[in-house]
Amino acid sequence: MTTIAHFTKAHESTLIHFLSSSRRPKETFSFPQSSGFLFSIANAPEMILPSEWMPIIFNNEDGQYESQEEASRVLQAMMALFNECGRERVKGKEPLPPGCAIRPQPLDNLDADAPLSQWARGFMIGHDYLHEIWDDCLPESIDEEVGAILMALTFFATPTLAESYHKLAKEPGSFEHLAQTILKIFPDAIHEYALLGRTIFQARCEEGNFPQGPVGSSKIGRNDPCPCGSGKKYKRCCGFN
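Rules used throughout
- Going along each chain's sequence as written, the residues are numbered from 1 onward.
- Confidence filtering applies because this is a predicted model: local features only for residues at pLDDT of at least 70, side-chain atom pairs given and counted only at 80 or more, and all residues used for totals across whole chains, interfaces and linings.
- Computation of side-chain values covers all heavy atoms of the structure but excludes hydrogens and water.
- Here a helix means four or more residues in a row that DSSP labels H or I, a strand means two or more in a row labelled E, and each is numbered from the N terminus.
- Exposure categories follow from relative accessible area, calculated using a 1.4 Å probe and restricted to protein chains: below 20% of the type maximum is buried, above 50% is exposed, and the middle band is partly exposed.
- The contact rule is simple, with two residues in contact once any of their heavy atoms fall within 4.5 Å.
- Here a Phe, Tyr or Trp ring, Trp counted by its six-membered ring, pairs with any other such ring whose centre lies within 6.5 Å, and the pair is stacked when the planes are under 30 degrees apart, edge-to-face when over 60, and tilted otherwise.
- Confidence scores here are pLDDT values: one per residue, from the predictor, ranging 0 to 100.
- Multiplying 1.5 Å by the residue count of a helix minus one yields the expected span of that helix.
- Structural elements are reduced to axes, namely lines fitted to C-alpha atoms, with helices fitted over the stretch in contact, and the angle between N-to-C directions of any two is expressed from 0 to 180 degrees.
- Roughly parallel means an angle under 35 degrees; roughly antiparallel means over 145; roughly perpendicular covers 65 to 115; every other angle is labelled oblique.
- Helix crossings fall into two classes, left-handed where the near helix is turned counterclockwise from the far one by less than a right angle and right-handed where it is turned clockwise.
- For this classification, Asp, Glu, Lys and Arg are treated as charged, while Ala, Val, Leu, Ile, Met, Phe, Trp, Tyr, Cys and Pro are nonpolar and the rest, including Gly, are polar.

## Description of the overall build of the protein chain
In terms of regular secondary structure, the protein chain is built from nine helices and zero strands. Reading the protein chain from its N terminus to its C terminus gives the helix and strand order α-α-α-α-α-α-α-α-α. Split into buried and exposed, the 241 residues of the protein chain put 46% on the buried side. The long-range fraction of contacts in the protein chain, counting pairs at least 24 apart against all pairs at least 6 apart in sequence, stands at 71%.

## Some details on the packing of aromatic side chains
Following the criterion strictly, the structure yields 16 aromatic pairs and no others. Pairing Phe58 with Tyr65 gives two aromatic rings, centres 6.4 Å apart and planes at 75°, and the pair type is edge-to-face. Geometrically, the ring pair formed by Phe155 and Tyr165 is stacked, given 6.2 Å between the ring centres and 15° between the ring planes. Of this pair, Phe155 sits in the loop between α7 (143-154) and α8 (159-168) while Tyr165 sits in helix α8, and the two are 10 residues apart along the sequence. Here the aromatic residues Phe39, Trp119, Phe123, Trp134, Phe186 and Tyr193 are joined through ring pairs into a cluster of three or more.

## Some words on the confidence of the model for the protein chain
Overall, the predicted model of the protein chain reaches an average pLDDT of 85, with 82% of residues at or above 70. Taken element by element, the predicted model of the protein chain shows its lowest mean pLDDT in helix α6 (residues 131-137) (89) and its highest in helix α2 (residues 31-42) (97).

## What to know about α2
End to end, α2 covers 16 Å across 12 residues, agreeing with the expected 16 Å (1.5 Å per residue, within 8%). Counting buried positions along α2 gives 12 out of 12 residues, so the element sits mostly inside the fold. Within α2, burial applies to Phe31, Pro32, Gln33, Ser34, Ser35, Gly36, Phe37, Leu38, Phe39, Ser40, Ile41 and Ala42. Those residues of α2 hidden inside the fold are in contact with α1 (9-19), α3 (50-57), α4 (68-85), α5 (115-129), α7 and α9 (175-206).

## Looking at the packing of α2 against α3
At a minimum axis distance of 11 Å, the contact between α2 and α3 shows a crossing angle of 155°. Overall, the two elements α2 and α3 adopt an arrangement that is roughly antiparallel. Note on packing geometry: the crossing formed by α2 with α3 is right-handed. Together, Ser34, Phe37, Leu38 and Ile41 of α2 and Trp53, Ile56 and Ile57 of α3 make up the contact between the two elements. When its residues are assigned to classes, the contact of α2 with α3 shows six nonpolar, one polar and no charged.

Structure representation (structure tokens):
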């Protein structure tokens, strides 16, 4: 959870262009979906290595880099996004993570192409991927609180899920009113989720459960293991020109 590189507009542009290209494997995450996914990974109670989470973004296939230069540029941008998603935010004062663009009309954020909907789907994939870690770390006494946070962060993932949350809502009101309420509390849910994961992570480090260290370097040597998780050297895999 240590910040190494600042996420810039150039990084964002690189990832949007690369991830949306027809050259990418089918079902490669979009930029907002990648951001939501990496938010859950970067704020997990345990450090997850790039070699573990990177393949998921490309549907567990090769990213199809055209050159070593492109691979290096994209991977640096991806690591910058990871660190931006894990950066500590002050409640009520910091902007939302990248990719969380909110449309003015609450229900429009449920459209499949809405950035917030894509972000929520990515977040849900990431949290589900790590659910066993969370289950092992969370005391039952805060189950209800965590459930409320997860509802806010996943509400806009799909209309079906949002409607199920509406049916379970304790306070009566229209579906649109609930969506509007979720948008209001969304920034707080972002803060609380990250704070909870960071607190557990630090506590486990202090207890000696695992060493704390910075996120891996964004620069990759040609003889280093490829971050896609293939097990091959970088020069024989994504760095092949």
